[in-house]
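Here's the letter readout for the chains.
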Amino acid sequence: MLFASCTNNENSQTSNHSETAKETTTVTKTKTIVFYGNSLTAGYGVSPSEAFPAIIQKKIDSLGLPYQVLNAGVSGETSSGGKTRIDWILREPVDIFVLELGANDGLRGTPLSETKKNLQDIIDKVRAKYPDSKLVFAGMEIPPNMGQAYTTEFRNIYTDLAAKNKMALIPFLLEGVGGEPELNQADGIHPTAEGHRIVAENVWKQLEKLL
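A few points on the structure. Throughout this description, residue numbers start from 1 for each chain and increase along the sequence as written. Given that the model is predicted, a residue must reach a pLDDT of at least 70 before its local features are reported, and side-chain atom pairs must reach 80 or more before they are shown or counted; all residues, however, enter totals for whole chains, interfaces and linings. As a convention, hydrogens and water are excluded, and side-chain values are obtained from all of the structure's heavy atoms.

## Some words on the environment of I142
Within the fold, I142 resides in the loop between β4 (134-138) and α7 (148-164). The classification of residues rests on relative accessible area computed with a 1.4 Å probe and restricted to protein chains. Under 20% of the type maximum is buried, over 50% is exposed, and intermediate values are partly exposed. I142 gets classed as buried once you look at its relative accessible area, which sits at 9%. Placed 36 residues apart in sequence, I142 and G178 show a C-alpha to C-alpha distance of 9.6 Å. Once residues lying within four places of it in the same chain are set aside, the contact partners of I142 are A103, G106, L107, Y150, T151 and F154. Each helix is a run of DSSP H or I of at least 4 residues and each strand a run of E of at least 2, with the numbering of both proceeding from the N terminus. The contact rule is simple, with two residues in contact once any of their heavy atoms fall within 4.5 Å.

Given below as structure tokens:
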């Protein structure tokens, strides 16, 4: 109704403002970063705001970047479980996908070929649904309980799949935290709040290159 009384010049200005608004909306459209993992991602033993994905969100917000973090971590998750529920996660758009799975497989002695196939299947599903999404792989290591050969092959799963799928690689998610008693909870596995801050820095080193 209001536009009916505008002059041609006013119409032109209104049109320009409209175009500018559209451009601004396009530029500031929020993108989604999905952290897909197990209890490390879920933040077992610490408050949700202390888990490393939440710390990453705070970092992103402080820089004014248009990204929203989705914490899709589930405690106890294996590569098999992750493969089962990935379709549900992919119902919503994914711009950056951070894959943090496999540690529980290693601790349970799951055959490495099975773990590797499950992780590849997850990657394939993400790529098939969102071919333009950027992928990040969180590398993990396990204690030598299962023997040196198993431990070494387990570590290589991450480097091999990251190279094969052209994924950004976090060499070792728990770098500077794993094996440090003061940075881990009583179980010696899950980081404390301070440990999560270090993990967030490990993640950020690779993630910031993709934003």
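Let's pick the thread back up.
## Focus on the pairing of strand β3 (residues 96-100)
The buried fraction of β3 is high, at 5 of 5 residues. One ladder, built from 4 bridges, connects β3 with β4; its direction is parallel. Looking across to β4, one finds that I96 is bridged to K134. Two strands are counted as paired when DSSP detects at least two bridges linking them.

## Some words on the packing of helix α6 (residues 112-129) against α7
Running from N to C, α6 and α7 cross one another at 25°; their axes reach a closest spacing of 10 Å. Between α6 and α7, the crossing angle belongs to the class labelled roughly parallel. Pair α6 / α7 crosses with right-handed handedness. Contact residues: α6 offers L112, T115, K116, L119 and Q120, while α7 offers Y150, E153, F154, I157, D160, L161 and K164. Partitioned by chemical class, the residues of the contact of α6 with α7 number 6 nonpolar, 2 polar and 4 charged. Every axis corresponds to a line fitted to the C-alpha atoms, with the helix fit spanning only the stretch in contact, and the corresponding angles, defined between N-to-C directions, vary from 0 to 180 degrees. If an angle is under 35 degrees, it is roughly parallel; if it is over 145, roughly antiparallel; if it lies from 65 to 115, roughly perpendicular; otherwise it is oblique. Note on convention: the crossing is left-handed when the near helix lies turned anticlockwise from the far helix by less than a right angle, right-handed when the turn is clockwise. Ten residues, namely Ala, Val, Leu, Ile, Met, Phe, Trp, Tyr, Cys and Pro, are considered nonpolar, four, namely Asp, Glu, Lys and Arg, are considered charged, and the remaining ones, Gly among them, are considered polar.

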